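Examination of the molecular architecture
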Amino acid sequence: MQTMIVDFIDQFGYLGVFLLITLENVFPPIPSEIVLTFSGFMTLHSSMTLTGVIIVATAGSVAGAIILYAVGRLLSVERLERLIDGKVGRLLHFKRSDLEKAERWFVKRGKSTLFFCRFIPIVRSLISIPAGTTKMPFIQFLFLTAAGTLIWNIVLVTLGQHAGKAWAQVAGYVDTFAHITLIVLIVLILAGVAYFVKTRFGKKARK
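A brief report on the enclosed structure follows. (Residues numbered from 1 in each chain as written. Predicted model: local features only at pLDDT ≥ 70, side-chain atom pairs only at ≥ 80, totals over all residues. Heavy atoms only, no water.)

**Here we look at the overall build of the protein chain**
Along the backbone of the protein chain there are eleven helices and zero strands. Across the protein chain, helices and strands are ordered from the amino to the carboxyl terminus as α-α-α-α-α-α-α-α-α-α-α. A total of 207 residues make up the protein chain; the buried ones form 40% of that total. In the protein chain, the share of contacts with a sequence separation of at least 24, taken over all contacts with a separation of at least 6, comes to 76%. Taken as a whole, the protein chain presents about 11700 Å² of accessible surface, with 72% of it coming from carbon and sulfur. (Helix = DSSP H or I, 4+ residues; strand = E, 2+ residues; numbered from the N terminus. Buried < 20%, exposed > 50% of the residue type's maximum accessible area, 1.4 Å probe, protein only. Contact = heavy atoms within 4.5 Å. Areas by Shrake-Rupley, 256 points an atom, 1.4 Å probe, with all protein chains shown as cover.)

In structure tokens:
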């Protein structure tokens, strides 16, 4: 995949960066660290500039986030409630109160969550969905998304430029960070699921 990404940016320049970053936000397995660090390196050997790459990459990030925000709006709380009231909810022992708690938590802490999650691989893309589901104001969503992704893009593009030919090594370090972060998140999610199952099904067993 790295070779394909490098060739695409080399051929299409700014447009390639925009399209790849947009797609990366919708399809997280595409490694943004490779796109951004190589784009930074290319500012040394092409007509692309550091500022131009950062602006285009941020525009791509926002465009991809808007797509997932729209998906979240389609998955409205009302539709999820109907799903929970049906067979799926009964099978998983979910209640409306569980959804209401999650909604209240995101409404209360959604701003900081949305901003800081932009620095966490994979989550930085998926966090746009609950933002849409809970109907976070669109302008607020755009501002927080643009601010968070701008910082992420500045760091990686600048690292790629300063690393020069060693950009791939920098991308590797970021990729390692991404994998470690993902593992930690999976462990936390599994712990949360285990606690939920123990609490919910434990009560059923005692009854």
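What follows continues from the structure just given.
**Let's talk about a nonpolar patch on the surface**
Residues Leu 23, Val 26, Phe 27, Ile 67, Val 71 and Leu 75 make up a contiguous nonpolar surface patch of roughly 470 Å² in combined accessible area. At the level of secondary structure, the elements contributing two or more residues to the nonpolar patch comprise α2 (14-26) and α4 (50-74). A relative accessible area of 32% places Val 71 in the partly exposed class. (Patch = residues over 30% accessible without salt bridge, like charges linked within 9 Å, V, L, I, M, F, W, Y side chains within 5 Å. Salt bridge = Lys/Arg side-chain N within 4 Å of Asp/Glu carboxyl O.)

**A closer look at the nonpolar core**
When a protein is soluble and globular, its nonpolar side chains tend to lie buried together. Counting 22 residues, the largest nonpolar core has Ile 5, Ile 9, Val 17, Leu 36 and Phe 38 as its most contacted members. Going through the elements one at a time, α1 (2-12), α2, α3 (32-42), α4 and α10 (138-163) are the ones with two or more residues in this core. In terms of residue count, α3 provides more of this core than any other element does, six residues in total. Those residues in contact with Leu 36 that sit more than four places away from it in its chain are Ile 21, Ala 57, Trp 152, Asn 153, Leu 156 and Val 157. Within the second largest apolar cluster, ten residues are counted, among which are Ala 65, Cys 117, Ala 131 and Phe 141. (Core = buried A, V, L, I, M, F, W, Y, C linked by side-chain atoms within 4.5 Å.)

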